[in-house]
Amino acid sequence: MNKQIWKNRIKREQRIQLAAFLVTIALLGLMLLKVNNLLVSFVLAFVISYMFGPIVNLLERKGFSRTVSIFSLFVISGVIITLLVVALYPVIFGQLNEFREVFPTYVGGLTNTINSMEEKLYFLSDFLGTLNIGETFERYMRIFTQSIFEDLPQILSKSLTTAFLAPLLAFFMLKDGSKFRKMLFSMVPNNIFELTLNLQHQINSQMGGFIRARLLEAAFVGVVTWIGLWSINFPFAPILAFFAAITNLIPYIGPVIGMVPALIISFINGDGFIGLIITSIPYLIAQVIDVFFIIPIVVAKIVDLHAITVILSLIIGAQLMGVLGMIIAIPVTSALKVTVTNVYRHILDFRS
């Protein structure tokens, strides 16, 4: 009887521990979703910590203090970023001003093209006439442009907040991340402690490899695109290359989205079919090298997900969080897959 009471007490304590652990995780997730800028800052902090983590661990194994190693890496990175900003600021700022001036011309050119296509499609005149595609496009682009420039101070303010908060969070993730994990694991019941520890190790390893691989991939695509557009003397090459690098983080549709602005500019400039082909060549070269070399060697082995799973996760991510959701959809889905697989195996082993 005493043994049965003892077993019931242990089971009750384990349930309380598990409930406390799950509630803590849920509260942390809710805080990330509800506090302004915190989710973006947290994602960027994770990226920074995964980039610096291996270097910090190596320096610590060599005998350097962990705090000194982290601080040194942040200082060196800050100096490099400052030098890059100082060097590239005149080019980027000048191109942004130039783009702001010519943007109405591009909108007007595209509107005229749409109107011309509507006139040629005379057999659909009744249907297209009710839509007024050209006028609708011009009106929405005018509203979009006005909102962008009016909201620019607010956008910059959020960017500065994120730029300050993300490195700060990353610093404490690198310095005290192990202490925080130990505190969380202390709440895990003994019967699932090994499972939780194994999950954390697998997800951490997979996430780190995936993030580093995707950043390397995006940087490569951006550099190749920049060089290619610069070599053909294409306007706004730095801005377009940066946009291509960012959108390349979105699987499947990202490379296509990244190429669209350059093709639109080429089309409005009247470069013709040959001009469109020449404009697309830098993007195609970057994607060929990416698809046939970087992804198979660096990325594919890290995340083992079916194409349908990737597409569904992208759709769900886009619906829930927009562009950010599409970017983080794959690593989150991969982590969920690892979790479900390990929990299922644990249940089967427990029953057997």
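Refer to the preceding data block for the structure.
This report concerns the structure included in the present document. These numbers come from a predicted model, not from an experiment. (Residues numbered from 1 in each chain as written. Predicted model: local features only at pLDDT ≥ 70, side-chain atom pairs only at ≥ 80, totals over all residues. Heavy atoms only, no water.)

## Side note on the packing of aromatic side chains
Then, number 1: Evaluation of the coordinates by the stated rule reveals five aromatic pairs.
Then, number 2: On the numbers, 5.5 Å between centres and 85 degrees between planes, the contact of Phe 52 with Phe 74 is edge-to-face. Taken together, the positions of Phe 52 in helix 2 (residues 38–61) and Phe 74 in helix 3 (residues 66–120) put the pair 22 residues apart, joining distant regions of the chain.
Then, number 3: Residue Phe 52 is classed as buried on the basis of its relative accessible area of 12%.
Then, number 4: Each member of the aromatic cluster is reached from another via a ring pair, and the members are Phe 52, Phe 74, Phe 171 and Phe 172. (Phe/Tyr/Trp six-rings, centres within 6.5 Å; stacked < 30°, edge-to-face > 60°. Helix = DSSP H or I, 4+ residues; strand = E, 2+ residues; numbered from the N terminus. Buried < 20%, exposed > 50% of the residue type's maximum accessible area, 1.4 Å probe, protein only.)

## A word on helix 7 (residues 193–231)
An α-helical segment advances 3.6 residues per turn. Residues three or four places apart therefore align on the same side.
Then, number 1: The end-to-end C-alpha distance of helix 7, which contains 39 residues, comes to 57 Å, matching closely the 57 Å that a straight helix rising 1.5 Å per residue would cover.
Then, number 2: After helix 7 finishes, the residue Asn 233 shows a positive phi value of roughly 60 degrees. (Expected span 1.5 Å × (residues − 1).)

## A closer look at the environment of Gly 208
Then, number 1: Within the fold, Gly 208 resides in helix 7.
Then, number 2: Of the residues examined, Gly 208 reaches a relative accessible area of 1% and is grouped as buried.
Then, number 3: Distance in space between the C-alpha atoms of Gly 208 and Phe 46 is 8.9 Å, their sequence separation being 162 residues.

## Observations regarding the nonpolar core
Then, number 1: In terms of nonpolar packing, the biggest core is built from eleven residues, these being Tyr 106, Leu 229, Phe 234, Phe 236, Ala 237, Leu 240, Ala 244, Met 259, Ala 262, Ile 265 and Tyr 283.
Then, number 2: Counting only elements with at least two residues in this core, the list comes to helix 8 (237–247) and helix 9 (254–268).
Then, number 3: Apart from residues lying up to four places away in sequence, Met 259 is in contact with Ser 280 and Tyr 283.
Then, number 4: Residues Ile 48, Phe 52, Ile 70 and Phe 171 belong to the second largest nonpolar core, which totals nine residues. (Core = buried A, V, L, I, M, F, W, Y, C linked by side-chain atoms within 4.5 Å. Contact = heavy atoms within 4.5 Å.)

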